[in-house]
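Observations on the model geometry
One letter stands for each residue in the lines below.
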Protein chains: 2
Amino acid sequence: MPSELEKSLSNLIDVYHNYSNIQGNHHALYKNDFKKMVTTECPQFVQNINIENLFRELDINSDNAINFEEFLAMVIKVGVASHKDSHKE
Amino acid sequence: MPSELEKSLSNLIDVYHNYSNIQGNHHALYKNDFKKMVTTECPQFVQNINIENLFRELDINSDNAINFEEFLAMVIKVGVASHKDSHKE
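Per an unreviewed UniProt entry, the recorded name for chain A is Protein S100, and the organism is Mus spicilegus.

**Considerations on the relation of the copies chain A and chain B**
In screw terms, the move from chain A to chain B is a rotation of 180° and a rise of 0.0 Å along the axis, fitting with an RMSD of 0.0 Å. Here the two chains are linked by the operation of a two-fold rotation axis. When C-alpha distances to the rotation axis are compared across chain A, the minimum falls at Ser8 of chain A, with a value of 2.3 Å. Comparing interface residues between copies, 100% of those in chain A also sit at the interface in chain B, which points to an isologous, same-surface contact.

**Let's talk about the UniProt feature "domain: EF-hand" (unreviewed entry) in chain A**
Residues annotated by UniProt as "domain: EF-hand" (unreviewed entry) correspond here to residues 46-81 of chain A. Structurally, residues 46-81 of chain A comprises 64% helix and 6% strand, and the distance from its first C-alpha atom to its last is 11 Å.

**A word on helix H2 (residues 31-41) of chain A**
Of all the residues in H2 of chain A, the buried ones are Asp33, Phe34, Met37, Val38 and Glu41 of chain A. Along the long axis of H2 of chain A, the arc covered by the buried residues comes to 130°, so they all point the same way.

**Topic: the nonpolar core**
Counting 52 residues, the largest nonpolar core has Phe34, Phe71 and Met74 of chain A together with Phe34, Phe71 and Met74 of chain B as the members making the most contacts within it. Excluding anything up to four places from it in sequence, Phe34 of chain B contacts Leu29, Ile51, Leu54, Phe55, Leu58, Ile66 and Met74 of chain B.

Conventions used here
As a convention, each chain's residues are numbered from 1 in the sequence order in which they are written. Chains carry letters and ligands carry numbers; both start at the beginning, A for chains and 1 for ligands, and go up in the order they are written. Only residues with pLDDT of at least 70 are given local features in this predicted model, and only at 80 or more are side-chain atom pairs given and counted; all residues enter the totals for whole chains, interfaces and linings. Only heavy atoms go into the side-chain values, all of them from the structure, while hydrogens and water stay out. Here the copies were fitted onto each other by least squares, based on C-alpha atoms from residues at pLDDT of at least 70 in both. Any two residues whose heavy atoms approach within 4.5 Å at even a single point are treated as in contact. UniProt positions are given in the numbering used here, feature names are shortened, and annotations may be inferred rather than shown by experiment. Labels follow the DSSP assignment, with helices taken as runs of H or I lasting at least four residues and strands as runs of E lasting at least two, numbered in each case from the N terminus. Three labels apply to residues, based on accessible area from a 1.4 Å probe with only protein chains included: buried if under 20% of the type maximum, exposed if over 50%, partly exposed otherwise in between. What the arc covers is the set of directions going from the helix axis to the C-beta atoms. Residues grouped as a nonpolar core are buried Ala, Val, Leu, Ile, Met, Phe, Trp, Tyr and Cys residues, joined through side-chain atoms within 4.5 Å.

Written out as structure tokens, the structure is:
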């Protein structure tokens, strides 16, 4: 049986593929689908953020697409923000 | 209603606190509890890994504990490995 950590990771992989597969590519999330993903999946995180800038910042190898490793960098950003929120009284 | 991404992150935060709270500290996961966590939560990932080395590698600020941000760095490592596995035939 998968652990809680494994289930969470498997869900994150599914989230990424749900959007990257819109344009038929398992390993590239293009800008439009990225926008769709962040506004759907982490609306609070992006409400005061310029999504174009976030995309450019995450796209380390400048190939105009977010690969899975670059997606995980975003997950960290959202995770750190959520963790802070989880300790707010 | 939380999104899939938000649910996964919330679960990851819970996993971290499940182990960090064993010694009563919300923001520090000590070595023994870290070992307990990785052998329970990602047994496959650590089966061929020296856990002492992994702990030292993750403990960027060398305070002998893994904070939440350092934990997320491990999640990335496990995530990249699981993602590769998910595409194996």
